[in-house]
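Listed below, chain by chain, are the residues.
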Amino acid sequence: MKKLITLAIAAVLMLAGTNAHAQLSVGVGLDRVGNRTSSSSGNHSEGLFGFYFGGEYNFELSYGFGVAPGIYYSTASKNKHRSGTRHKRNDQTINIPVNLNFSFDLDPEIRIVLMTGPVIGFGTVSRNINGNIYTNLFEDSDLSRFKLQWNFGVGADLMDRFRVSMGLAKGLNNRNNSKSIAGTIRSNDFHIGVSYLLF
């Protein structure tokens, strides 16, 4: 997996010095951030819902293939009341995907895009409120800010101006940095959005 990520980044660096046609796009969408904890005592999943926005630069190669590095900002939250106690969490992350893609025309106005590639995430905020107790999970617990995922997605370009897409980013790294508490924490994100293709 590390070799695949290295190859994807190397491809982007090489493309920066070529004459490959490039297209900039900006987009927004909805996010479900899922944190799955697995340990000897069982499994637990926590879902946060929110939105993301950002952009990417697609370098179009030959035969419908391309490479698209990008940067997106995501914020996702949950807010529940249990037995009169407030439980709230908010995670904010900067994600840097490098998607390898393949596209083909379905008809003159619709182009299908298949994409896959690594996503490097850096958590900027992880606030947890349990009643009157506030916790920064990055500083007050052993949750790692770093998130490594592999994305699988599909999209459709409409009239060469808009793209609707959806995808699933599977967590690759264990975000549990604790040396005393056994178990793994992996983040799996589902996203759906729309982008505007600038040029």
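Keep in mind that this is a model prediction, so the values were computed, not measured. (Residues numbered from 1 in each chain as written. Predicted model: local features only at pLDDT ≥ 70, side-chain atom pairs only at ≥ 80, totals over all residues. Heavy atoms only, no water.)

### Description of the environment of Phe122
Here's step 1: Structurally, the position occupied by Phe122 is in strand β5 (residues 110-130).
Here's step 2: For the pair Phe122 and Ile96, spaced 26 residues apart in the sequence, the C-alpha separation amounts to 8.6 Å.
Here's step 3: In this structure Phe122 touches Gln92, Thr93, Ile94 and Arg145, once residues within four positions along its chain are discounted. (Helix = DSSP H or I, 4+ residues; strand = E, 2+ residues; numbered from the N terminus. Contact = heavy atoms within 4.5 Å.)

### Things to note about the pairing of strand β1 (residues 21-39)
Here's step 1: Across 19 bridges, the pairing between β1 and strand β2 (residues 42-60) is antiparallel. From the neighbouring strand, His21 faces β2, where its bridge partner is Glu60.
Here's step 2: Across 14 bridges, the pairing between β1 and strand β9 (residues 184-197) is antiparallel. The residue bridging Gly27 from the neighbouring strand is Ser195, located in β9. (Pairing = 2+ DSSP bridges.)

### Re unusual backbone geometry
Here's step 1: For Met159, which is not a glycine, the phi torsion comes out positive at approximately 55°.
Here's step 2: Looking at the element boundaries, Met159 is found in the loop between β7 (146-158) and β8 (162-171).
Here's step 3: Look at Met159 and you get exposed, because its relative accessible area is 52%. (Buried < 20%, exposed > 50% of the residue type's maximum accessible area, 1.4 Å probe, protein only.)

### Thoughts on the pattern of salt bridges
Here's step 1: Tallied over the full model, the rule gives eight salt bridges.
Here's step 2: Between Asp91 and Arg89 there is a salt bridge; the shortest N-O distance is 2.9 Å.
Here's step 3: Overall, the relative accessible area of 9% leaves Asp91 in the buried class.
Here's step 4: Looking at Arg89, the relative accessible area reads 8%, which means it is buried.
Here's step 5: Its salt-bridge partner being Asp157, residue Arg163 comes within 2.5 Å of it at the nearest N-O pair.
Here's step 6: Looking at Asp157, the relative accessible area reads 7%, which means it is buried.
Here's step 7: One continuous salt-bridge network, built from bridges that share partners, spans Glu46, Lys78, Arg89 and Asp91. (Salt bridge = Lys/Arg side-chain N within 4 Å of Asp/Glu carboxyl O.)

### Details of the packing of aromatic side chains
Here's step 1: This structure, assessed with the given rule, holds seven aromatic pairs.
Here's step 2: Ring geometry for Tyr57 against Phe59: centres 5.6 Å apart, planes inclined by 70°, an arrangement best described as edge-to-face.
Here's step 3: Taking the relative accessible area as the measure of exposure, Phe59 reaches 11% and is therefore buried. (Phe/Tyr/Trp six-rings, centres within 6.5 Å; stacked < 30°, edge-to-face > 60°.)

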